[in-house]
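Structural overview for review
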Amino acid sequence: MSLTTSAARRDLAFHLHPSTNLRQVQSEGPLVITRGEGVYVYDDEGRRYLEGMSGLWCASLGFSERRLAEAAYRQMLELPFYHSFGGKVPAVSTELAERLIGIAPAGLGRVLFANSGSEANDTAIKLAWYVNNALGRPRKKKIIARERAYHGVTIASGSLTGLAFAHTDFDLPIARILHTDAAYYYRGARAGETEEAFAARLADNLEALILREGADTVAAFFAEPVMGAGGVILPPATYFERVQAILRKYDILFVVDEVICGFGRTGNMFGTQTFDLKPDIVTVAKALSASYVPISANLVSTALYEILLRQSDKLGIFGHGYTYSSHPVSAAVALETLKIYEERDIVAQVRRVAPRMQAGMRSHADHPLVGDVRGVGLIGAIEIVRDKATKQSFEPKAGVAAFLVRRAQHHGVILRSMPGDIVAFCPPLIVKEVEIDEMLAGFGKALDDTAAMVREKGLA
Ligand SMILES: Cc1ncc(COP(=O)(O)O)c(C=O)c1O
């Protein structure tokens, strides 16, 4: 972070930073990143950082995959833009759709493209509403998401998101979007409650909510297989099995948000496979193109597609899509990304190195400030607490995890802190074991710095 370089000064003068404390960036300055190489990025003063968050959980192939740059360049020369409205289509988008369905979870037979995770989740809400209108169920429109979920920030996807910062003063959530419990075993379980008993209680709460609202008014349930921005929260044993039984019982669509988990992150191609999910719609983005260009998609079940087809007969058009749905440059980069995943067997690579990261994280479990260590594949989190035995947190305003993450950055490792003093790890999928060790060593130093700060300030 800098206030002195020319880039930093100009940024402060002109840029409105998204998802940022605007006052803090004015006083501390931005971290201006100028280039990337492998899992590392470099700032405008030449300092190197191991990107332990793949940027925003997304740069799956790191920051210097030339094949993706070349795919974009080739496509720009050949066909820089075309669209998919009115039955037209850039050839490369067809190729991408075919390849995506080739690896998609069973039952998903059609792809609808968009540009961001938020847009894909917006689209999934619209599809749920549209389908129920088509089926003559105009009342069946409410959507249930979970507390702590992160599904984006557009008006509808931001409403799905179950985090206060996405709602407060933005007049969200909109009507007809409801929230049920986060499946957050570490914080939510009662004393002595097993994961199974906790999952059963949450499933009962979900069913009670559906019955209270009227099952004939609930259209869809949204879930991330592993919650990301909400704190890297893994589903407790039997949770999704129970939830899915309820959704089936009341004829409620299951939308699985794979924007983070998709394409290998959890040690399978999709989180859907890791947790045995049977979705009607899957949303993907981020690692779909290794994040080199914006692109997202809804993978839609064949059964839902049949309903859209019939509705198109009736209305004369399926009236949804963006100028940049199936943009050929994005499609070309995504296609090349999927080829790389296959050639390098990205799932096997994740399975090979993930135990190193999970074990390395667990090696900090006995530290007095570490309350919980959790993760799967190449995603994980360490929750910082004031009191290990009681799980008591620090005051939010003390910003303990934010301090830790600033110290990690000082030690050359970019991590992310989230509300509740949770520190997330989500390195590029190409990360090597030595780089995992380096990432965790940086975290370890930052943890020691944090312990010293906590002692000095008398916070514990
Ligand atoms: C699980 C999940 N869904 C949706 C989104 C929103 O994606 P975007 O920021 O591309 O709109 C995110 C972004 O972090 C995400 O983590």
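Each chain has its residues counted from 1, running along the sequence as written. Local features in this predicted model are restricted to residues whose pLDDT is 70 or higher, and side-chain atom pairs enter the listing and the counts only when it is 80 or higher, whereas totals over whole chains, interfaces and linings include all residues. In computing side-chain values, all of the structure's heavy atoms are included and hydrogens and water are not.

1. Regarding the overall build of the protein chain
Numbering of helices and strands runs from the N terminus; a helix is a DSSP stretch of H or I covering at least four residues, while a strand is a stretch of E covering at least two. The helix and strand tally for the protein chain stands at 17 helices and 15 strands. Over its C-alpha atoms, taken along the principal directions, the protein chain stretches across nearly 70 × 60 × 45 Å. With a 1.4 Å probe rolled over the protein chains alone, any residue whose accessible area is under 20% of its type maximum counts as buried; one over 50% counts as exposed, and the rest are partly exposed. Buried positions account for 55% of the 460 residues belonging to the protein chain. The contact criterion used throughout is that any non-hydrogen atoms of two residues lie within 4.5 Å. For the protein chain, long-range pairs separated by at least 24 residues make up 70% of all intrachain contacts whose partners lie at least 6 apart in sequence. Averaged over its 51 positive side-chain charges, the protein chain has a centre that lies 2 Å from the centre of its 51 negative ones. We treat Lys and Arg as the positive residues and Asp and Glu as the negative residues; His and chain ends play no part in the count. Charge placement uses NZ in Lys and CZ in Arg. For Asp and Glu, CG and CD serve respectively.

2. Thoughts on helix H15 (residues 346-362)
Taking 1.5 Å per residue as the helical rise, H15 with its 17 residues ought to reach 24 Å, and the 24 Å between its terminal C-alpha atoms agrees with that figure. In this structure, the buried side of H15 is in contact with helix H14 (328-343), strand E11 (370-376), strand E12 (379-384), strand E15 (422-425) and helix H17 (433-456). Expected span of a helix, by definition, is 1.5 Å for each gap between consecutive residues, and there is one gap fewer than residues.

3. Details of the sheet that holds strand E7 (residues 218-223)
Between any two strands, pairing holds if DSSP finds at least two bridges. Judged by pairing direction, the sheet is mixed, and its seven strands sit side by side in the order E4-E10-E9-E8-E7-E5-E6 without closing on themselves. In this open sheet, the two edge strands, each paired with only one partner strand, are strand E4 (108-114) and strand E6 (177-180). Sheet twist, expressed as the mean angle between neighbouring strand axes with direction ignored, is 25 degrees. Helix H5 (residues 91-103) rests against E4 and strand E10 (296-301) of the sheet, and its axis sits at about 135 degrees to E4. Lines fitted to C-alpha atoms define the axes, with helix axes restricted to the stretch in contact, and inter-axis angles between N-to-C directions lie between 0 and 180 degrees.

4. Brief notes about the side chain of Gln244
Looking at the secondary structure, you find Gln244 in helix H11 (residues 239-249). The contact partners of Gln244, leaving out residues within four places of it in the chain, are Phe254, Asp276, Leu277 and Lys278.

5. Looking at the packing of aromatic side chains
Centres within 6.5 Å are what make two rings of Phe, Tyr or Trp a pair, Trp counting through its six-membered ring; a difference in plane orientation under 30 degrees is then read as stacked, over 60 as edge-to-face, and the rest as tilted. What the rule picks out here adds up to 11 aromatic pairs. Taking 6.0 Å as the distance between ring centres and 40 degrees as the angle between the ring planes, the aromatic pair formed by Phe221 and Phe254 counts as tilted. You can see Phe221 sitting in strand E7 and its partner Phe254 sitting in strand E8 (residues 253-257), a full 33 residues away along the chain. A residue is classified by how much of its surface remains accessible, and Phe221, at 1% relative accessible area, is buried. Connected via pairs of aromatic rings, a cluster forms that spans Phe221, Tyr239, Phe240 and Phe254.

6. Brief notes about the site of the ligand
Taken together, Ser116, Gly117, Ser118, Asn121, Tyr150, His151, Gly152, Glu224, Asp257, Val259, Ile260 and Lys286 make up the full set of residues adjacent to the ligand. At 2.7 Å from a nitrogen atom of the ligand is found a side-chain nitrogen or oxygen belonging to Asp257. Under this definition, polar contacts are N or O atom pairs within 3.5 Å; protein pairs additionally need one hydrogen-donor-capable and one acceptor-capable atom, and for neighbouring residues in sequence, both atoms have to be side-chain atoms. Between the ligand and Lys286, the relevant distance is 2.8 Å, taken from an oxygen atom to a side-chain nitrogen or oxygen of the residue. Methods summary: accessible areas were calculated by the Shrake-Rupley approach with a probe of 1.4 Å, and residue burial reflects only the protein chains presented. Relative to its unbound accessible area of 390 Å², the ligand is 82% covered by the protein chains. At three residues, helix H6 (residues 117-134) tops the list of elements feeding residues into the shell around the ligand. Gly is placed with the polar residues, together with every amino acid not listed as nonpolar (Ala, Val, Leu, Ile, Met, Phe, Trp, Tyr, Cys and Pro) or charged (Asp, Glu, Lys and Arg). Split by residue class, the shell around the ligand holds three nonpolar, six polar and three charged. We call a residue near a molecule or strand whenever a single non-hydrogen atom of that residue lies within 4 Å of it.

7. Here we look at the layout of surface pockets
A cavity here means a set of points on a 1 Å grid, drawn over the protein atoms and nothing else, where a 1.4 Å probe fits but cannot get out; a pocket is an open set with protein on both sides within 12 Å along at least five of seven lines, and a residue lines either one if it has an atom within 4 Å of a point. Grid points are joined across faces, edges and corners, and a volume is the space filled by probe spheres set on the points. For the second largest pocket, the calculated volume is near 870 Å³. As for the second largest pocket, its lining consists of 29 residues, and the residues nearest its centre are Ser84, Val111, Leu112, Phe318 and His320. Among the elements of the structure, H5, E4 and helix H13 (302-315) are those that each provide at least two residues to the lining of the second largest pocket. A class-by-class count of the residues in the lining of the second largest pocket yields 14 nonpolar, 12 polar and three charged.

8. Side note on the nonpolar core
Among the nonpolar cores identified, the biggest contains 115 residues, and Trp57, Phe221, Phe263 and Phe425 are the most heavily contacted of them. Working definition of a nonpolar core: buried Ala, Val, Leu, Ile, Met, Phe, Trp, Tyr and Cys residues. They are joined through side-chain atoms within 4.5 Å. Trp129, Leu160, Ala220 and Phe222 belong to the second largest nonpolar core, which has 22 residues in total.

9. Considering a nonpolar patch on the surface
Nonpolar side chains (Val, Leu, Ile, Met, Phe, Trp, Tyr) within 5 Å and like charges within 9 Å form the patches, drawn only from residues with over 30% relative accessible area and no salt bridge. We count a salt bridge whenever a side-chain nitrogen from Lys or Arg sits within 4 Å of a carboxyl oxygen from Asp or Glu. Nonpolar side chains collect at one region of the surface, where Phe81, Tyr82 and Tyr324 lie side by side and expose about 290 Å² of accessible area between them. You can see Tyr324 is positioned in the loop between H13 and H14.

10. Comments concerning H5
An α-helical turn contains 3.6 residues, so any two residues separated by three or four positions project in the same direction. The end-to-end C-alpha distance of H5 is 19 Å, a good match for the 18 Å that 13 residues give at a rise of 1.5 Å each. Contacts made by the buried residues of H5 are with helix H4 (66-78), E4, E10 and H14.

11. Quick word on the packing of H5 against H14
Packing of H5 against H14 brings their axes to within 9 Å, and their N-to-C directions diverge by 35 degrees. Helix-helix and strand crossings are classified by hand; for H5 and H14 the assignment is left-handed. Here H5 contributes Val92, Ser93, Glu95, Leu96, Arg99, Leu100 and Ile103 to the contact with H14, which in turn contributes Pro328, Ala331, Ala332, Ala334, Leu335, Leu338, Lys339 and Glu342. Partitioned by chemical class, the residues of the contact of H5 with H14 number 10 nonpolar, one polar and four charged. Each crossing is labelled by how the near helix is turned from the far one, with a counterclockwise turn of less than a right angle marking it left-handed and a clockwise turn marking it right-handed.

12. So, the state of the cysteines
To count as a disulfide, a pair of cysteine sulfur atoms needs to be within 2.5 Å. By the definition in use, this model includes zero disulfides. Free of any disulfide, Cys261 has its nearest neighbouring cysteine sulfur in Cys426, separated by 8.7 Å.

13. What to know about the sheet that holds strand E13 (residues 413-414)
Spatially, the four strands line up as an open sheet ordered E1-E2-E3-E13, and their pairing is mixed. Of all strands in the sheet, those bounded by a partner on one side alone are strand E1 (33-37) and E13. Packing against the sheet, H17 makes contact with strand E2 (40-43), strand E3 (48-51) and E13, and its axis sits at approximately 105 degrees to E3.

14. Thoughts on the pattern of salt bridges
Summed over the entire model, instances satisfying the criterion amount to 22 salt bridges. Of the charged contacts, one joins Arg139 and Asp216 as a salt bridge, the two residues approaching to 3.0 Å between their closest N and O atoms. Note that Arg139 is positioned in the loop between H6 and strand E5 (142-146) and Asp216 in the loop between helix H10 (195-213) and E7, a separation of 77 residues in sequence. Under the relative-accessibility criterion, Arg139 is labelled exposed at 55%.

15. Some remarks on the pairing of E7
Most of E7 is tucked away, with six of its six residues classed as buried. Examined bridge by bridge, E5 and E7 share three bridges and lie parallel to one another. Looking at E7, one finds that Ile144 is bridged to Phe221. Inspection of the sheet shows E7 paired to E8 by four bridges, in the parallel sense.

On their own, these measurements won't tell you what the molecule is for.
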